[in-house]
Amino acid sequence: AAAAAAAAAAARASSFPVPPETTSNQRASLARKQAEAKAASEAATPTLLAFLASSEMELVLGQCCPAVAELDPRGRLEVLRKAVRTSELVHNFPSSTSGYFKDVTPELAVQYGWFLNQWQAQIIASNSSAFVPRSMRDPRLAHTSKHPPHHKFIPVAEEAIFGCPPFAREGNPTWEEAADRLIYVAHNMRQLDHGNSIFFGNISAVFRTGYVHQNVLIAAIDTGIWEGSCNNSMGPDLSLNCSYWRPEYVGTLDYHDHLLIQNLGLWSGYGQSHGGSNITHEATLLFSRSTLAGANYAEIPPIVRADVDKYFETNILGNPRYPDAVKFLIAPIAELFGTATGNEIQNVCDYHSWPLVWAVGPGKLPKEALYPGNQRILDPSTKAVSKLNLSMPVNALETFQTVWKEAEATREAARSEGRNITSAEVESWWETLKADQVRLAPVSGFFCEDIDSCIGIQITNEGMNSHCVCESIKYD
């Protein structure tokens, strides 16, 4: 078995050699875009300060974020900047190779030593009998009735917005060209328990910000939504106020003052077409769910599922290495708790010594539905728990395993009855689990001194934020 594994690894290394962590083309793109971001951010700072000092924002901050409201505009700006720098960076990927997006999977996460981008994953899949692509295509943009499927893809956003060099053969990169591309990442400022939209995949990888910091370029909006709605290209076609993000300057984790008003302005157009909205209202929705509110995680307001899509796109131009680039994974209770795939995710985490977090998330609720979005627990069965600065509740593992077996039995009964798991069944599992598990809030730069070594904030049984849950050996 060991010899076979070694032979398979050698074959992979021969067909798909390990790329540089940052290629020369990526370094050039980053340097050019970082300079643009710095200039755009500095030019926008006076406008952002005026916005934060406005009477409208005085009212918003007074209602959602009283501690921030007490600060002068410059103080508010610094708090906002810190929230942007320290919010989770999340990539969602599928738990299997089925589905529209061809991405890293649990199996690929142990076969390769770096976080594959979706072009790399497609090339690897095209060499497998399990996947024969009709053509290479943008791995992130969905087809709509307005923009029907294309056999060839024009990678507008990756090239025009993020500065990636074009492929020699449109839509059909070589392995070396694929290494120059990016990893799509969502900025979790709204503190979603599931990290990002499960449309892109039901597993969330949360990156270590310090590791990827210099490789991050930030778009004001999901670029698939931007292309479909504002650039007459493939993607969702929404009623956005597209004038707010022209020209399309990206930001970085150091320079992003121009992006906030652009993001809020873009989405104010969507709100106006769905019952009315403006920038101030969009700011209220964002800030009340963010760490600016200073609220206990258990008390933050619920979120409308449609608002999940309103993130900054904080993409990584690089080929970040396992295990250090990733802090932990998030898995959905509704889909994977008590399943063989759930066991596979636990094994991946053990392989890389990552903690695993389970979240309730939105399930299959419609776009207009409200849901809590603040329901996370730490998996007590993974090896990484032993390196965290906490004591697990006495009954944590026993309760976890009992509910796991209950979920297995419920899923088997549902299959035999020809039905899906119900939200009531998921809620029942959650209610039993949360009493004996470590509940977690996303890490906060206002609560945790070292966001790169910490995976979250422990929540007490009374719903209070308690202390930062961190690796006992600090990340450097």
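Just above sits the structure.
Residue positions are given per chain, counting from 1 as you read along its sequence in written order. Per-residue local features are limited, in this predicted model, to residues with pLDDT of at least 70; the limit for side-chain atom pairs, both in listing and counting, is 80 or more; totals at the level of whole chains, interfaces and linings are taken over all residues. Hydrogens and water are ignored here; the side-chain numbers use all heavy atoms of the structure.

1. With respect to the pairing of strand S7 (residues 326-332)
A large share of S7 lies buried, amounting to seven of its seven residues. Note on pairing: DSSP must find at least two bridges between two strands before they are called paired. Helix and strand definitions here come from DSSP, where helices need a minimum of 4 consecutive H or I residues and strands a minimum of 2 consecutive E residues; each element is numbered from the N-terminal end. Pairing analysis gives four bridges linking strand S3 (residues 203-207) to S7, with the strands arranged antiparallel. Bridge pairing in S7 places Val206 opposite Phe328. Bridging between S7 and strand S8 (residues 356-359) involves four bridges; their strand directions are parallel. The residue bridging Leu329 from the neighbouring strand is Leu356, located in S8. Only protein chains enter the calculation, and the probe is 1.4 Å; a residue is then buried if its accessible area is under 20% of its type maximum, exposed if over 50%, and partly exposed in between.

2. Some details on unusual backbone geometry
Keep in mind that most residues, glycine aside, have a negative phi and that most peptide bonds are trans. At the junction of Arg246 and Pro247, the peptide bond is cis and its omega measures out at -5° in the coordinates. Looking at the element boundaries, Pro247 is found in the loop between helix H11 (223-230) and helix H12 (259-272). In this model, Tyr322 is joined to Pro323 through a cis peptide bond whose omega is -5°. Topologically, Pro323 is positioned in the loop between strand S6 (313-316) and S7. Despite not being glycine, Gln191 shows a phi value in the positive range, around 55°. With respect to the secondary-structure elements, Gln191 resides in the loop between strand S2 (186-188) and S3. Phi angles above zero are rare outside glycine, and Ser353 is one such case at about 60°.

3. Points about helix H5 (residues 73-86)
Compared with the 20 Å implied by 1.5 Å per residue over 14 residues, the 20 Å span of H5 between its first and last C-alpha is a close match. For H5, every residue scored as buried is listed here: Arg76, Leu77, Val79, Leu80, Arg81, Ala83, Val84 and Thr86. In this scheme, a helix's expected span is set at 1.5 Å multiplied by one less than its residue total.

4. With respect to the side chain of His194
Looking at the secondary structure, you find His194 in the loop between S2 and S3. Looking at His194, the relative accessible area reads 6%, which means it is buried. Polar contact criterion, stated in full: a pair of N or O atoms within 3.5 Å, where within protein one must be able to donate a hydrogen and the other to accept it, and residues adjacent in sequence count only if both atoms are side-chain atoms. A polar contact is formed between the side chain of His194 and the backbone oxygen of Asn196, at a distance of 2.7 Å.

5. Some remarks on the state of the cysteines
Joining two cysteines, a disulfide is a covalent bond between their sulfur atoms. We call a pair of cysteine sulfur atoms a disulfide when they lie within 2.5 Å. Counted by the stated rule, this structure contains four disulfides. Sulfur-sulfur distance for the disulfide between Cys448 and Cys468 comes to 2.1 Å. Its torsion about the S-S bond being -105°, the disulfide of Cys448 and Cys468 is classed as left-handed. Pair noted here: Cys448 is in the loop between strand S11 (439-441) and strand S12 (454-459) and Cys468 is in strand S13 (residues 465-470), with a separation of 20 residues, a long-range link. A single burial state applies to Cys448 and to Cys468, both of which are buried. Between the sulfur atoms of Cys454 and its disulfide partner Cys470 the distance amounts to 1.9 Å. Measuring the twist about the S-S bond at about 80°, one finds the Cys454-Cys470 disulfide to be right-handed. With Cys454 in strand S12 and Cys470 in strand S13, the pair connects residues that are 16 residues apart, well separated along the chain. Across the pair, Cys470 and Cys454 agree in class, each one buried. Disulfide partners in the chain, listed by the sequence order of the bonded cysteines, are 1-2, 3-4, 5-7, 6-8.

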